[in-house]
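# Secondary and tertiary structure notes
The chain contents come next:
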Amino acid sequence: MNAVRMVRARLPLVVRRALAEPLLLAAAFGSILLATTAISALLLHAGSATQAGVRRALETAPPAATATVVTSSVTAGDFAGVDRAVRAGIAHAHGEVPVRVAVRVESASYALKGQDRGDQPVLTRFAMYEGLDGQADLVSGGWPEERTAAEGGPRVGVALSEPAARAMGVSTGDEFTVVGRLDGKPAPVRVTGVFRLRDPDDPRWKGEELLRYGTQTGDFTSRGPLVVPAGTFLGRFATGVSARWLAEPDLRRLPPDRLRPFSASVAGVSADVRAGCPRCTVAETLSGTLLRLDRGALVARSTMLVPVLQLLVLGAYALALTARLLAEHRRMETALLRSRGGGSPRLAAMAAGEALLIALPCAPAAPFLAPVLLRLVNAFPWIEATGVEPPRAPDGATFAVAAAVALACAVMLAAPPLLAARRTYVEEQAVRGRADRPGLIQRAGADVALLVLAALAVWRLRGQDASETARLGGELGLDPLVGAGPALALLCGGMAALRLVPAVARVAERATRRRPGFGPALAARQVSRRPARYSGPALLLTMAMAIGVLSLTTAATWRGAQEDRARHLAGADLRVPALPGDDAQTFTTLPGVAAAVPAHRATVVADGADATLIAADAAELGRVLLLRPDLSELSPATLASRIAGSAEQPLPVVATRGLADATRITAGTAAIPVRVVGVVAAMPGTPEGTPALLADLTALRGKGPEGQVTEWWLAADGHDTARAAAALAASGRARGDLVDVASLTAGLRDDPTAAGLQGALLLGFAAALAFAVLGFLVNAAVSARERRGEFAVLGALGVSFRQTLGLLAAEQSFVIGLSLAGGVALAVAVSAAVVPPMVTAGYATGGGLPVLLHVPWPQAAALAVAVLAVLLVIVAGLARSLHRREPAAALHAGEAS
């Protein structure tokens, strides 16, 4: 013992002073370590989720969103020069990003000999596909060899896809003759091989229905194509034909910080190609895709910073509460030092040294703990499904963030002792024992000013439209006031709730004054006499509970929004492109399918702009249409009945709001008068924000257009489409053509950029609860230690453990009850104001569905019960500790002090 005292005597005064208060300083260390670790982890998670989202989006983006398509008329003589110019221009625009260019050329139509008469001939055409042998496997025979014989020479060797060979009734080795529709010249051919595409669902084959299915039905029936080598095609069929180059960049290694510069480079591809090929037409979508992805990534990062700001506010208050307790506990000691000549610089140096001694070790430790915390969060199935890989080691930015947070925490820890050092020992004795006054912030009315600031932030957040979101997220970054809106709203709501503590305590004191019972009356008196002692933990618990419920509500609302978007985009449980021979029985016999509705989809002109027309069988449409109730005042069944087939003019339609006044549409060359019989905010089965109309298929056909069935809308039992989709895939339907609401929902939920918000909320939620439990434990322990003499007297008077527990439970019930109820109420109020616009901003797109608020009441109730159980265990432990103390020893210790 003497050796320990000698070692402690040789330690610096700052260290000895810190070791004298192990409980409070351990709590301060825990708060700082938790804050630095959680904030570092949140920022790491935001970066990882954004990078994973960008990577997945680039890897899975279809050619329609990333490819560059160049078309030009070519002949055998100029094809080589045009091909070189196109490839050179594409390579220059894509720079360091690898790009694969494949050319496809198709001939004019040919008719099978003997079937070239009449109004409905069976057509085919010759085609050359670069790289097809690497995307298909031979079923029989071999690929045709190059031949450049003049017209009328040897037979042309062709390869056919397996579906085309089956439809034409030919196999390897068969010979037949086709006749040109333009020149009438025959072309004898011989089938050298039959092939099968390795992946008919590959997006590069989108629009190549003839190659995928072997048959294409339109105004004429086409079968084929007859695939020939490049030399054969150029030598015999390249007479005024159109060539199409498809450029597909390899974006898998494109870093997120290169999205915007690469977009600017790709945007110049048209000028680069046309410099060598003036007659070429260039269509590129990659630059716009990259800009949207860059904006979306920035908005997603900004949205994930909202939990960081909430945690900063909560951590700052938790540390301020601990610092205030430490300052109050040392105020007599500080006043005595000041009375003995300790100046402000000396006291400031001691406070700063002690704060740095506690905070500095957290700066290097937090960056190594943050990845561990992220791996724990990533163990949850719904987080793991996003594919976000937590970093295995911290980077330099993480160390910088941890150092900045630790330094800020040190300043906050040192501030209260400096403010308390202004009074002398006599002044401290004079104010000691007085009733608590409201805090400085409340006395100055700063909570009212904070309320105004929070209201402004929420108003700004709710007032953002899509264009402003894109501007803030795409170029300037998220407005700090808007991003801090939820945190400010929680803080000012919690501070406003502090004003309720004294009022509730006075009411409880009057209610228990004349009633029998020792614990409640004494507890109410204690809280009423010193409300400020309980206000700090009440605010901490209120904010922690509010953050927890707000996190649960945000996650539930986000998941509900993804489900709503998937149902809206699908329009029905399952949408299937129509093939020749399909009828209702084709689909109603599938497992789990309850109804099948034929539909025709076309682009029409309404009010001078393009719109989507969906014409479906109104008799069954009400059973399959997935229409969210708030999007229309009428139910799907009522809408279907209103558009049911009628011979009257004009055509009854349901329209989106922008077309509510439409009176006429143009379908092809037919002008059709329409009458709007219903209005929807958004049309199911179309992208969000698309102007669209819904009509009855039979009624549409009665107005002139042929209205061929282009797709089938299916309803599944219990919305379970798995068995039906598997059966369709087994029958040869391409899965990529199926629009499955379950697959859409899974894809939207598993998107790392958007779903990363769930991981950030989970981290913030866990850290908030840890702050709440730590703050409550420390405050209760310090309060009980300061009142040990009081409890010793009660023990000497014969107060039992049960009564002691009742007294503490009654006292803390003010904190716990008000905090849990106030936290839930505050979270619901703030959620209603900020969650829908925050989730909407996370889409980073305009024209989306309105986001509906989802409050998960069962989970919120379970959270409140869990927190209540933990806090009651802490209260019981404190009661047991106080009751075990010997009254005589405690009273003697009080006299000695």
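Residues numbered from 1 in each chain as written. Predicted model: local features only at pLDDT ≥ 70, side-chain atom pairs only at ≥ 80, totals over all residues. Heavy atoms only, no water.

Quick look at the overall build of the protein now. Helix and strand counts for the protein stand at 36 helices and 23 strands. Residues counted as buried form 48% of the 897 residues belonging to the protein. For the protein, the exposed area adds up to about 39900 Å²; of that, 58% sits on carbon and sulfur atoms. (Helix = DSSP H or I, 4+ residues; strand = E, 2+ residues; numbered from the N terminus. Buried < 20%, exposed > 50% of the residue type's maximum accessible area, 1.4 Å probe, protein only. Areas by Shrake-Rupley, 256 points an atom, 1.4 Å probe, with all protein chains shown as cover.)

On to the pattern of salt bridges. This model, assessed by the stated rule, comprises 18 salt bridges. Between arginine 125 and glutamate 106 there is a salt bridge; the shortest N-O distance is 2.9 Å. Of this pair, arginine 125 sits in the loop between strand E4 (122–124) and strand E5 (126–129) while glutamate 106 sits in strand E2 (residues 99–106); the two residues are 19 residues apart in sequence, bridging distant segments of the chain. In terms of burial, arginine 125 and glutamate 106 fall into one category: buried. Among the salt bridges present, the one from arginine 565 reaches glutamate 688, with a minimum N-O distance of 3.0 Å. Taken together, the residues span a long stretch of sequence, with arginine 565 in helix H25 (residues 531–570) and glutamate 688 in the loop between strand E20 (670–680) and strand E21 (692–696) at a distance of 123 residues. (Salt bridge = Lys/Arg side-chain N within 4 Å of Asp/Glu carboxyl O.)

With that settled, the discussion passes to the packing of helix H5 (residues 79–94) against helix H10 (residues 269–276). Running from N to C, H5 and H10 point in directions that differ by 150 degrees, and their axes come no closer than 8 Å. When the interaxial angle is binned, H5 and H10 end up roughly antiparallel. Considering how the two elements wind past one another, H5 and H10 form a crossing that is right-handed. In contact with Ala85, Val86, Gly89, Ile90, His92 and Ala93 of H5, H10 contributes Val269, Asp272, Val273 and Gly276. Classifying every residue of the contact of H5 with H10 gives six nonpolar, three polar and one charged. (Axes fitted to C-alpha atoms, helices over the stretch in contact; angles between N-to-C directions. Parallel < 35°, antiparallel > 145°, perpendicular 65-115°, else oblique. Left-handed = near helix turned anticlockwise from the far one by under 90°. Contact = heavy atoms within 4.5 Å. Nonpolar A, V, L, I, M, F, W, Y, C, P; charged D, E, K, R; others polar.)

The next point concerns the nonpolar core. Membership of the largest hydrophobic core comes to 94 residues, with the highest contact counts inside it found for Ile32, Leu314, Leu413, Met545 and Phe776. Leave out the neighbours within four places in its chain, and leucine 413 touches Ala28, Ile32, Leu319, Ala323, Ala355 and Ile358. By size, the runner-up hydrophobic cluster in this structure holds 43 residues, among which are Val189, Val228, Phe233 and Ala247. (Core = buried A, V, L, I, M, F, W, Y, C linked by side-chain atoms within 4.5 Å.)

What follows covers the packing of helix H9 (residues 259–266) against helix H11 (residues 286–329). Contact geometry for H9 and H11: axes closest at 8 Å, N-to-C directions at 165 degrees. It follows that H9 is roughly antiparallel to H11 by the angle criterion. Crossing of H9 over H11 shows left-handed handedness. Touching Leu259, Arg260, Phe262, Ser263 and Val266 of H9 are Leu286, Ser287, Leu290, Leu291, Leu293, Asp294 and Arg295, all from H11. Looking at the contact of H9 with H11 residue by residue, the classes come out as seven nonpolar, two polar and three charged.

You can see leucine 659 is positioned in the loop between strand E18 (651–656) and strand E19 (664–667). The class of leucine 659 is buried, set by a relative accessible area of 6%. The spatial distance from the C-alpha of leucine 659 to the C-alpha of alanine 611 is 9.0 Å, given a sequence separation of 48 residues.

Considering the arrangement of structural elements, one finds aspartate 661 in the loop between E18 and E19. For aspartate 661, a relative accessible area of 69% puts it in the exposed group.

This part is about the state of the cysteines. With the rule as written, the count across this model stands at one disulfide. Here cysteine 277 pairs with cysteine 280 through a disulfide, and the sulfurs are 2.0 Å apart. What sets the handedness of the cysteine 277 and cysteine 280 disulfide is the S-S torsion sign, and at about 80 degrees it is right-handed. Both residues of the pair, cysteine 277 and cysteine 280, belong to the buried class. (Disulfide = S-S within 2.5 Å.)

For helix H30 (residues 722–730), every residue scored as buried is listed here: Ala724, Ala725 and Leu728. Down the axis of H30, the sector holding all buried residues measures 100 degrees, keeping them to one side. Residues of H30 that are exposed and point more than 90 degrees away from the buried face comprise Arg723 and Ala730. On its buried face, H30 sits against strand E15 (574–577), helix H26 (584–588), strand E16 (593–606) and strand E23 (739–740). Positive phi shows up at glycine 732, right after H30, with a value of about 105 degrees. (Arc of directions from axis to C-beta.)

Looking now at the pairing of strand E1 (residues 68–74). Here E1 shows a buried face lined by Thr68, Val70, Ser72 and Val74 and an unburied face lined by Val69, Thr71 and Ser73. Direction of pairing for E1 relative to strand E14 (residues 281–284): antiparallel, over a ladder of four bridges. Within E14, the position partnered with valine 69 by the bridge is alanine 283. Looking at chain direction, E1 and strand E13 (residues 241–249) are connected through seven bridges and run antiparallel. By the bridge assignment for E13, serine 72 is matched with alanine 243. (Pairing = 2+ DSSP bridges.)

Moving on: the confidence of the model for the protein. Averaged over all residues, the pLDDT of the protein is 79; the fraction at 70 or higher stands at 77%. Within the protein, helix H20 (residues 466–476) has the poorest average pLDDT of any element, 40, and strand E22 (residues 711–716) the best, 94. Below pLDDT 50 for its whole length, residues 440–444 participates in nine contacts with residues either more than four positions away or in separate chains. Of the regions scoring below 50 in pLDDT, residues 465–478 engages in 24 contacts with residues more than four places distant in sequence or in other chains. (pLDDT = per-residue confidence, 0-100.)

A few words on the side chain of threonine 554. Structurally, threonine 554 is set in helix H25. A distance of 2.7 Å separates a polar atom in the side chain of threonine 554 from the backbone oxygen of leucine 550. If sequence neighbours within four positions are ignored, threonine 554 has contacts with Leu757, Leu761, Val835, Met838 and Val839. (Polar contact = N/O pair within 3.5 Å; in protein donor to acceptor, adjacent residues only side chain to side chain.)

Of all the positions in helix H31 (residues 741–749), only Val741, Thr745 and Leu748 are classed as buried. All buried residues of H31 lie within an arc of 70 degrees about the axis, which places them on one face of the element. A distance of 3.1 Å separates the backbone nitrogen of alanine 742 from a side-chain oxygen at the start of H31, and that oxygen is part of aspartate 740.

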